[in-house]
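Each chain is listed here by its residues.
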Amino acid sequence: MLFLIPLMLLITLVAFAAYVADQMLGVVAFTYGYLAFCLLGALAFGGIWHACFRKSALVFALVVFGLLGANFFLPPPSERLLRSAMLKATPGTDASAIVDIVKQQYENSPYAMPWIHEDQAGGFDRVHVSLLPQKARNCTSVIFLIENGRVSRSIFSPD
């Protein structure tokens, strides 16, 4: 029993940190990476459970995997949709397709369409997609750097 309470608190802390990271940074958009995180977390906590209690470690690991993987089934925050749009507009994507990709991500969501602005700075053409119109003081954005009409790099800027 000495290890049970700290282990449960640690699992709760990790699950809460994963939820907050998704809300602020949209980390669940990295589907395979986040799935690997869930699997490794479940294996680690299952191993700790097995070392401490010697029974039902597989069931406990599955519960931890389900707890961490719950972010996949919760409604996506706007930051995750923005991050998904960033991941779909890979380097080499035509710059004119960025607006369509962003619209596609936000099509059936409860969020307002992000602000999209084209400008030039630092010798680069840029497409700036910002969540500012969705929530006051939310400056989360993605900046796509454009060279020769194609995306050369994207930068996610969390609030």
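Right, let's walk through the structure included here. (Residues numbered from 1 in each chain as written. Predicted model: local features only at pLDDT ≥ 70, side-chain atom pairs only at ≥ 80, totals over all residues. Heavy atoms only, no water.)

1. Some remarks on the pairing of strand E2 (residues 124–130)
Next up, step 1: Pairing of strand E1 (residues 115–121) with E2, which is carried by 7 bridges, proceeds in the antiparallel orientation. Its bridge partner being in E2, Ile-116 is matched across the sheet by Val-129.
Next up, step 2: Linking E1 back to E2 in an antiparallel pair, the connection comprises 2 residues, with Gly-122 at a positive phi of about 60°.
Next up, step 3: Here E2 runs beside strand E3 (residues 141–147); their pairing, made up of 6 bridges, is antiparallel. If you follow Ser-130 over to E3, its bridge partner there is Ser-141. (Pairing = 2+ DSSP bridges. Helix = DSSP H or I, 4+ residues; strand = E, 2+ residues; numbered from the N terminus.)

2. A closer look at the pattern of salt bridges
Next up, step 1: Across all of its chains, the model carries 2 salt bridges by this definition.
Next up, step 2: Between Arg-80 and Asp-22 there is a salt bridge, with its nearest N and O atoms 2.5 Å apart. With Arg-80 in helix H4 (residues 78–88) and Asp-22 in helix H1 (residues 4–25), this residue pair connects regions lying 58 residues apart in the sequence.
Next up, step 3: Judged by its relative accessible area of 8%, Arg-80 is buried.
Next up, step 4: Arg-126 is the salt-bridge partner of Asp-119, the closest N and O atoms lying 2.9 Å from each other.
Next up, step 5: Looking at Asp-119, the relative accessible area reads 25%, which means it is partly exposed.
Next up, step 6: Judged by its relative accessible area of 21%, Arg-126 falls in the partly exposed class. (Salt bridge = Lys/Arg side-chain N within 4 Å of Asp/Glu carboxyl O. Buried < 20%, exposed > 50% of the residue type's maximum accessible area, 1.4 Å probe, protein only.)

3. Quick look at helix H3 (residues 57–69)
Residues lying three or four places apart along an α-helix face the same way, a consequence of the helix completing one turn every 3.6 residues.
Next up, step 1: An ideal rise of 1.5 Å per residue puts 18 Å on 13 residues; H3 measures up with 18 Å between its terminal C-alpha atoms.
Next up, step 2: Every buried residue of H3 is listed here: Ala-57, Phe-60, Ala-61, Val-64, Leu-68 and Gly-69. The arc that holds the buried residues of H3, viewed along the axis, is 165°, so those residues lie on one side. Exposed residues pointing more than 90 degrees away from the buried face of H3 are listed as Leu-58, Val-59, Leu-62 and Val-63.
Next up, step 3: On the buried face of H3, the contacting elements are H1 and helix H2 (31–53). (Expected span 1.5 Å × (residues − 1). Arc of directions from axis to C-beta. Contact = heavy atoms within 4.5 Å.)

4. Concerning unusual backbone geometry
Next up, step 1: For Arg-54, which is not a glycine, the phi torsion comes out positive at approximately 65°.
Next up, step 2: Among the structural elements, Arg-54 can be located in the loop between H2 and H3.
Next up, step 3: With relative accessibility at 61%, the residue Arg-54 sits in the exposed group.
Next up, step 4: Of note in the backbone geometry, Ser-56 takes a positive phi value of approximately 55° without being a glycine.

5. Observations regarding the side chain of Arg-80
Next up, step 1: Side-chain polar atoms of Arg-80 contact the backbone oxygen of Asn-71, separated by 3.0 Å.
Next up, step 2: For Arg-80, the contacting residues outside a window of four places in its chain are Asp-22, Gly-26, Val-28, Ala-29, Asn-71, Phe-72, Leu-74 and Pro-75. (Polar contact = N/O pair within 3.5 Å; in protein donor to acceptor, adjacent residues only side chain to side chain.)

6. Here we look at the pairing of E3
Regular strands show a simple pattern: their side chains alternate between the two faces of the sheet.
Next up, step 1: In terms of burial, E3 is largely enclosed, as 6 of its 7 residues are buried.
Next up, step 2: Where E3 meets strand E4 (residues 150–157), 7 bridges bridge the pair, whose relative direction is antiparallel. Within E4, the residue paired with Phe-144 across the bridge is Ser-154.
Next up, step 3: Counted along the chain from E3 to the antiparallel partner E4, the turn is 2 residues long, and its residue Asn-148 has a positive phi close to 55°.

7. Looking at the packing of aromatic side chains
Next up, step 1: Tallying each qualifying case throughout the model produces 4 aromatic pairs.
Next up, step 2: Ring geometry for Trp-49 against Phe-60: centres 4.2 Å apart, planes inclined by 15°, an arrangement best described as stacked. Here Trp-49, found in helix H2, pairs with Phe-60, found in helix H3; they are 11 residues apart in sequence, far enough to count as distant.
Next up, step 3: Look at Trp-49 and you get buried, because its relative accessible area is 14%.
Next up, step 4: Taken together, the ring pairs in this structure connect Tyr-34, Phe-37 and Phe-72 into an aromatic cluster.
Next up, step 5: Directly above the ring of Phe-156 sits Arg-83, whose terminal nitrogen or CZ lies 3.8 Å from the centroid. (Phe/Tyr/Trp six-rings, centres within 6.5 Å; stacked < 30°, edge-to-face > 60°. Lys NZ or Arg CZ within 6 Å of the ring centre and 35° of its normal.)

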